[in-house]
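Letter by letter, the chains look like this.
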Amino acid sequence: MSTIPVNHELDEVPWTTPDRGIAAMICLIIAESAVFIIFVVGYIFYLGKSLSGPTPREVLDLPIVSTICLLSSSLTAHAAVSALRKANVRMCATWLASTILLGAIFLAATANEWYDLIVKHGLTIRTNLFGTTFYSLVGLHASHVVVGLFLLSVTLTMALRGTLNEHHSEKLEVLSLYWHFVDAVWVIVFTVVYVLGR
Amino acid sequence: MAATQVVDITEQAKPKELFLQKVHSWLTTVDHKKIGIMYIVYALFFLVVAGAMALVIRIQLMVPNNHFVSPQVFNRMFTMHGTTMVFFVGMPILFGFGNYLVPLMIGARDMAFPRMNAFTFWISALGGILLYFSYLGGDGLYGAGSAPDVGWFAYAPLTERVFSPGHSTDYWTLSLLLTGIGSVGTSINIMATIISMRCKGMTMGRLPLLPWLYFVMSFLVLVAIGPLTAAQVMLLLDRYLGAHFFDTQAGGSAVLWVHFFWIFGHPEVYVLVLPAFAFANEIIPVFSRKAIFGYPAMVAATVAIGFISLSVWAHHMFTIGMGPGANTFFTLSTMIIAVPTGIKIFNWLATLWGGKISFKSPMLFCVAFLFQFLIAGLTGIMLSAAPFDWQLGNSYFVIAHFHYVLVGAILFCIFGAFYYWYPKAMGRMMSERLAKWHFWLMVIGFHLTFDFMHVPGLLGMPRRIYTYEADRGWESWNIIVGVGAVFQAVATLIFVYNLISSYYKGEIAGRDPWDAWTLEWATSSPPPAYNFALEPSVGSRRPLWDIKHPEDPDSSYE
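The rules behind these values
Residues numbered from 1 in each chain as written. Chains lettered and ligands numbered in written order. Predicted model: local features only at pLDDT ≥ 70, side-chain atom pairs only at ≥ 80, totals over all residues. Helix = DSSP H or I, 4+ residues; strand = E, 2+ residues; numbered from the N terminus. Rg over C-alpha atoms; globule rule 2.2 N^0.38 Å. Buried ≥ 20, exposed ≤ 12 C-beta atoms within 10 Å, placed from the backbone. Contact = placed C-beta atoms within 7 Å. Axes fitted to C-alpha atoms, helices over the stretch in contact; angles between N-to-C directions. Parallel < 35°, antiparallel > 145°, perpendicular 65-115°, else oblique. Left-handed = near helix turned anticlockwise from the far one by under 90°. Nonpolar A, V, L, I, M, F, W, Y, C, P; charged D, E, K, R; others polar. pLDDT = per-residue confidence, 0-100. Expected span 1.5 Å × (residues − 1).

Turning next to the overall build of chain B. Within chain B, the regular secondary structure consists of 16 helices and 1 strand. A globule of 558 residues ought to have a C-alpha radius of gyration of about 24 Å, and chain B, at 24 Å, matches this closely. For chain B, the C-alpha atoms occupy an extent of roughly 75 × 50 × 45 Å along the three principal directions.

The following block contains the structure:
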């Protein structure tokens, strides 16, 4: 290999750039936000425009317990990242497991809610505009929870098999960013669908 | 100790490979340069296909009461022409150049996520193949339809099951969904690359303008493709699960689709035009032998265009009847976006001013771009006034306006970029003689077609009509437009021939044939797989100027 040395640069400032995983996750969150905004706008636009029942007020209950579970899973996810930074894999696994448990409770509550809506109230995606917008918005969020749970489970499996170590902490942080985003979206969905939309 | 800047001058020996080995290496590559070239070849293929469709449309409209194709085929032609040109020519060709150039210009060895890069290319490619598979598979079990025929913006409720039975619309939706995933992935990759992979000393203030514009363009893709994807998902839910998003019979709104589509559709115009600006930003200074005029103003104008373009979408909807409030807002925001665009034009002119201009083929195309883009912008300002738009909305005047942008500005810059960077990618110069033929035929053809296309629009010829009566006075105009299209087709064939023949017979280019200043010219042509043997470090916006002129480096001024 041959090279020609040329210009000399005098400043000796250390050169660092942001982590690419975190940069990419923030970009993904921007893109996903755009998708969710459209679904939320669709929901708000069609509020009260259904030509037939049931209406949100008749059939929706506030999902308090599952909301508390999902929001607190953000705290446990954060705790898992901090534990891994300190190279405490055992603590990290514990926090990951509790995150997954809380997320699974949330999903189970959603499944239960949908079962009631479909079987008891006869509300499906084809019933009326409320059904159309409700199932697609809440379903879109729930599918993001499923993806998050899958990724968290992979991480937990790695931790249990002993292949997870502190070098993975930046990657786990990327995953936790995604999880925080899913939680933040729920705050908006909860407010729009269950509080303002009723 | 001083950090050292280096230029790798190692000679690259081409390894001998069997044919299947070559195919295998292309199919499995994660190298940003190979992926970039695949994007470009893929887009050029579709450029020829969709260009042929445009010719069919022009032949059909050349004379009144023509029966060259049936009305059904005509509908498929303009739908496929528009969809292909936007999603399978414009986007991939620009992503191809971005993939190839961004890592080289910021002194990186690859994109931030090489494997994701390959994935997003292949999924976008699958989208294009799926769209064209509709010609075979569109019949489906219903025996209805073949290729999509709902227009490239596919207004509801025409796309609902009732009005579009069969699978033709599903092919349109699914292929756009797939390429959407690909585009978002590529944009995430480009942004992460620019944020995290810059070489030592390459601060955002020293970033060349091409990566800067690709950065803003990628941001626009993130926020614009999301709404399109969401709308496609809604349409799929309507068509497959019986949801009612755009089902007017059940209280759904057709206008909501129009809003969602253009929330994507207008930023998309800037997604396509920003890379064209980026090429002009690199080519005009090099062939004027001057640094770009007003670098900070250029960056600021780009960011301003990025933001304002998010609030202009409903100027596509004046004729829908939105009420005076919305009409006023979107008229004003559309006019405001002309300001940063004007700043750019003045900066390019100021770069030319007093420069030692050499009219090589890349520069010729960029100069034509400046004139044509100005006119395209002026008709844009005309159409931004809602009352004017009420008269001419949905007419050939609108078609002429946006083809002036897409062909006169974007395609001309893309041709310029080909002539400029081909020596870097292939190691050989393109024939300058053929390039001149290409340029002049293209200019003549372009102006014959799209200057004269404004007139039938003013005379009331609507877009998307299959044929027309002889007494409308549109006949002679359509003949001129059609003749221009033939000129453009010949020019494009010369270009394609030049691309292929120069690969075998072109003059060897060497590392830096244009005496340029950005980092891609610091490595051999074509660059080795690792781009730079030693990671470069830069002290200014024009690192190669600093190398060539150690007595007067830019780094002492910036």
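Here the focus is the overall build of chain A. A count of helices and strands for chain A gives 6 helices and 1 strand. Going from the N terminus to the C terminus, chain A shows its helices and strands as β-α-α-α-α-α-α. A compact globule built from 198 residues would reach a C-alpha radius of gyration of about 16 Å, whereas chain A, at 22 Å, exceeds it by more than 25%. Projected onto its principal axes, the C-alpha coordinates of chain A cover approximately 75 × 40 × 30 Å. A buried classification covers 38% of the 198 residues belonging to chain A. For chain A, the share of sequence-separated contacts (at least 6 apart) that also reach a separation of at least 24 residues comes to 84%.

Among all residues except glycine, the phi angle is most often negative; among peptide bonds, the trans geometry is most common. A cis amide bond links Gly 53 of chain A with the next residue in sequence, Pro 54 of chain A, at an omega value of -5°. The topology assignment puts Pro 54 of chain A in the loop between helix 1 (20-45) and helix 2 (56-59). Pro 526 of chain B follows Ser 525 of chain B through a cis peptide bond whose omega is -10°. Inspection of the secondary structure assignment puts Pro 526 of chain B in the loop between helix 15 (475-505) and helix 16 (543-548). Here Ala 154 of chain B, not a glycine, exhibits a phi torsion of approximately 45°, which is positive. With respect to the helices, strands and loops of the structure, Ala 154 of chain B is situated in the loop between helix 4 (114-137) and helix 5 (168-196). Judged by local crowding, Ala 154 of chain B falls into the buried class, with 23 C-beta atoms found within 10 Å. A positive phi angle is found at Arg 464 of chain B, which is not glycine, with a value near 65°. Positionally, Arg 464 of chain B belongs in the loop between helix 14 (432-458) and helix 15. A count of 14 C-beta atoms within 10 Å places Arg 464 of chain B in the partly exposed class.

To continue, consider the packing of helix 4 (residues 89-119) of chain A against helix 5 (residues 129-160) of chain A. Residue and element names in this part refer to chain A. Here helix 4 crosses helix 5 at 155°, and the two axes come no closer than 9 Å. As judged from the angle between their axes, helix 4 and helix 5 are roughly antiparallel. Seen along the crossing, helix 4 lies across helix 5 with a hand that is left-handed. For the pair helix 4 and helix 5, contact is made by Val 89, Cys 92, Ala 93, Leu 96, Ala 97, Thr 99, Ile 100, Gly 103, Ala 104, Phe 106, Leu 107 and Thr 110 and by Val 138, Ala 142, Val 145, Gly 148, Leu 149, Leu 152, Ser 153, Thr 155, Leu 156, Ala 159 and Leu 160, respectively. A per-class count over the contact of helix 4 with helix 5 returns 17 nonpolar, 6 polar and no charged.

Take the environment of Asn 189 of chain B next. Residues and elements named next belong to chain B. Among the structural elements, Asn 189 can be located in helix 5. Residue classification places Asn 189 among the buried positions, given that 27 C-beta atoms sit within 10 Å. In sequence terms Asn 189 and Met 111 are 78 residues apart; their C-alpha atoms lie 6.8 Å from each other. For Asn 189, the contacting residues outside a window of four places in its chain are Met 111, Ala 112, Phe 113, Met 116, Asn 117 and Thr 120.

The next point concerns the packing of helix 8 (residues 295-308) of chain B against helix 10 (residues 338-352) of chain B. Residue and element names in this part refer to chain B. Contact geometry of helix 8 with helix 10 gives a least axis separation of 8 Å together with a crossing angle of 155°. Comparing the axis directions of helix 8 and helix 10 gives the class roughly antiparallel. In terms of crossing hand, the pair formed by helix 8 and helix 10 is left-handed. Residues Ala 297, Met 298, Ala 301, Ala 304 and Ile 305 of helix 8 lie in contact with helix 10, whose contacting residues are Pro 340, Thr 341, Ile 343, Lys 344 and Asn 347. Taken together, the residues of the contact of helix 8 with helix 10 break down into 7 nonpolar, 2 polar and 1 charged.

Moving on, we come to the confidence of the model for chain B. Per-chain confidence: chain B averages 92 in pLDDT, with 96% of residues scoring 70 or above. For this predicted complex, the interface confidence reaches an ipTM of 0.92, while the overall pTM sits at 0.94.

Since the α-helix advances by 3.6 residues per turn, residues separated by three or four positions end up pointing in the same direction. Residues and elements named next belong to chain A. The end-to-end C-alpha distance of helix 4 is 44 Å, a good match for the 45 Å that 31 residues give at a rise of 1.5 Å each. Every buried residue belonging to helix 4 is among Val 89, Cys 92, Ala 93, Trp 95, Leu 96, Thr 99, Ile 100, Leu 102, Gly 103 and Phe 106, and all of these are buried. The elements touched by buried residues of helix 4 are helix 3 (64-85) and helix 5.

We now examine the environment of His 403 of chain B. On the secondary structure map, His 403 of chain B appears in helix 13 (residues 396-426). Linking His 403 of chain B and Phe 329 of chain B, residues 74 residues apart in sequence, is a C-alpha distance of 25 Å.

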